[in-house]
Amino acid sequence: MSPKALLSLIVLGVLLLVASQGLYVINETERAIKLQFGEVVDNDIKPGLHWKVPFMQNVKRFDARVLTLDTNPSHFLTSGKKYVIVDSFTKWRIKDVNSYYKATSGNRQEASNLLANLVNKGLRDEIANRTLHEVVSGERDQLMTKLTAALNTQTQDDLGIEILDMRVKAVDLPDDLSASVYNRMSAEREREAREHRSQGKELSEGIQADADRQKTVLEAEAYRDAERTKGEGDAEAARIYASAYNKDPEFYAFTRSLKAYTQTFSQSDVLLLEPDSDFFRYMKDAQGK
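What counts and how
Residues numbered from 1 in each chain as written. Predicted model: local features only at pLDDT ≥ 70, side-chain atom pairs only at ≥ 80, totals over all residues. Heavy atoms only, no water. Axes fitted to C-alpha atoms, helices over the stretch in contact; angles between N-to-C directions. Helix = DSSP H or I, 4+ residues; strand = E, 2+ residues; numbered from the N terminus. Parallel < 35°, antiparallel > 145°, perpendicular 65-115°, else oblique. Left-handed = near helix turned anticlockwise from the far one by under 90°. Contact = heavy atoms within 4.5 Å. Nonpolar A, V, L, I, M, F, W, Y, C, P; charged D, E, K, R; others polar. 1 Å grid on protein atoms, 1.4 Å probe; cavity = no way out; pocket = protein on both sides within 12 Å on 5 of 7 lines; lining within 4 Å. Points joined across faces, edges and corners; volume = space filled by probe spheres on them. Pairing = 2+ DSSP bridges. Salt bridge = Lys/Arg side-chain N within 4 Å of Asp/Glu carboxyl O. Phe/Tyr/Trp six-rings, centres within 6.5 Å; stacked < 30°, edge-to-face > 60°. Buried < 20%, exposed > 50% of the residue type's maximum accessible area, 1.4 Å probe, protein only. pLDDT = per-residue confidence, 0-100. Expected span 1.5 Å × (residues − 1). Polar contact = N/O pair within 3.5 Å; in protein donor to acceptor, adjacent residues only side chain to side chain.

Caption draft 1: Region of the structure containing the packing of helix α3 (residues 108–128) against helix α5 (residues 140–158). It is the contact of α3 with α5, at a shortest axis distance of 10 Å, that shows an interaxial angle of 140°. As the angle between them shows, α3 and α5 are arranged oblique. The handedness of the crossing between α3 and α5 comes out as right-handed. Across the interface between the two elements, Leu115, Leu118, Val119, Gly122, Leu123, Glu126 and Ile127 from α3 touch Leu143, Met144, Lys146, Leu147, Leu151, Gln154 and Thr155 from α5. Here the contact of α3 with α5 is built from residues that sort into 9 nonpolar, 3 polar and 2 charged.

Caption draft 2: Summary view of the environment of Phe89. Mapped onto the elements, Phe89 comes out in strand β8 (residues 83–94). Excluding anything up to four places from it in sequence, Phe89 contacts Thr68, Leu69, Asp70, Asp165, Met166, Arg167 and Lys169.

Caption draft 3: The arrangement of empty space enclosed by the protein in detail. One pass over the structure, following the stated rule, counts 1 cavity of 30 Å³ or more. Empty space within the largest cavity amounts to approximately 50 Å³. Contributing to the lining of the largest cavity are Val86, Leu123, Ile127, Val135, Arg140, Leu143, Met144, Val168 and Val171. When residues of the lining of the largest cavity are traced back to their parent elements, those giving at least two are α3, α5 and β9 (161–172).

Caption draft 4: Here's a closer look at the sheet that holds strand β5 (residues 57–63). What the 3 strands build is an open sheet, ordered β3-β2-β5; its pairing is antiparallel. Of all the strands in the sheet, the pair left with one neighbour each is β3 (39–45) and β5. On average, adjacent strands in this sheet sit at an angle of 25° to one another, irrespective of strand direction. Here strand β2 (residues 30–36) runs beside β3; their pairing, made up of 4 bridges, is antiparallel. Within β3, the residue paired with Lys34 across the bridge is Asp42.

Caption draft 5: Region of the structure containing the pattern of salt bridges. All chains considered together, the criterion is met by 18 salt bridges. One salt bridge in this structure joins Asp44 and Arg31, with 3.3 Å as the shortest N-O distance. Of this pair, Asp44 sits in strand β3 while Arg31 sits in strand β2, and the two are 13 residues apart along the sequence. With a shortest N-O distance of 2.9 Å, Arg213 and Asp210 are connected by a salt bridge. Placement of both Arg213 and Asp210 in helix α6 (residues 175–247) is noted, with a separation of 3 residues, approximately one turn of the helix. Salt bridges sharing common partners tie together Arg31, Asp44 and Lys46.

Caption draft 6: Quick peek at the packing of aromatic side chains. On inspection of all chains with the given rule, the structure shows 2 aromatic pairs. Ring centres of Phe62 and Tyr100 lie 5.5 Å apart, and the angle between their planes is 80°; this geometry places the pair in the edge-to-face category. Taken together, the residues Phe62 in strand β5 and Tyr100 in helix α2 (residues 97–104) connect sequence positions 38 residues apart. Residue Phe62 is classed as buried on the basis of its relative accessible area, which comes to 7%. Its relative accessible area of 3% is what places Tyr100 among the buried residues. Of the aromatic side chains, those joined through ring pairs into one cluster are Phe62, Tyr100 and Tyr101.

Caption draft 7: Just the confidence of the model for the protein, in detail. Per-chain confidence: the protein averages 81 in pLDDT, with 81% of residues scoring 70 or above. At the level of individual helices and strands, the protein shows its lowest average pLDDT in helix α8 (residues 281–288), which scores 56, and its highest in strand β6 (residues 67–70), which scores 92.

Caption draft 8: Highlighting α5. Between the first and last C-alpha of α5 there are 26 Å, a value that for 19 residues agrees with the 27 Å anticipated at 1.5 Å per step. In this structure, the buried side of α5 is in contact with α3 and β9. Positive phi appears at Gly160, one or two residues downstream of α5, with a value of about 70°.

Caption draft 9: Summary view of α3. Between its first and last C-alpha atoms α3 spans 30 Å; for 21 residues at 1.5 Å apiece the expected length is 30 Å, and the two agree. Every buried residue of α3 is listed here: Ala111, Ser112, Leu115, Ala116, Leu118, Val119, Asn120, Gly122, Leu123, Glu126 and Ile127. You can read the cap of α3 off the contacts: a side-chain oxygen lies 2.9 Å from the backbone nitrogen of Gln109, and it is on Asn107.

Structure below.
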């Protein structure tokens, strides 16, 4: 190989080395800064192909996606001096790369620790201003909204981090407090049950008394109507009988006697009566004929 060709290969190799050390790519999911001898010279490098001075400058890459901080459940004291165990998580991402690097040296674990401390402090302050009922069920969404807004301002200024959302996964009570709350709730539900049963019994007795009253009124009215109908029937029967009797008193007396004979003789074979009794008047007339 000639000296000229060897020199060309050496130059080409040097150019390739310089290019490999100087060219770099930033992905869409990354944020980056450029350092020169430890000093920041470019604090927000956009995605794409870029150039740096080999051996003098270096690039720090950071994850630009939305990240999740899932803290361990912690004890917090309410305004009523009751402890609650709160389990929460936070959604965050890098907002200002330069501030993030200065606060955490680009260490994600360090950023998570600093953010966790701020979240716990914020939760402690907010829960300390609320009662147990407000924390457990009354104002949880309001608490998270207020805390997210407050922390977002602080973390952007101090850490270059933007907080997108905060949520409480669970709010539990310590075992001794849980038993006390359960007993109180049980007593309250038992009191409400007694009130409902008492009201139901009172209502039942009122309905029963009204039904008995209506029954008595209906029976009295029915008896009155029955007696009235019966009286009208008896009066009509008496009128019919009187009318028939007046038309032919002799025939009426004769039919009444025949009916009396039939009923009497069907019950007994022996009668002790005076011979001239009026009971046998029509029999005497028949024998005389």
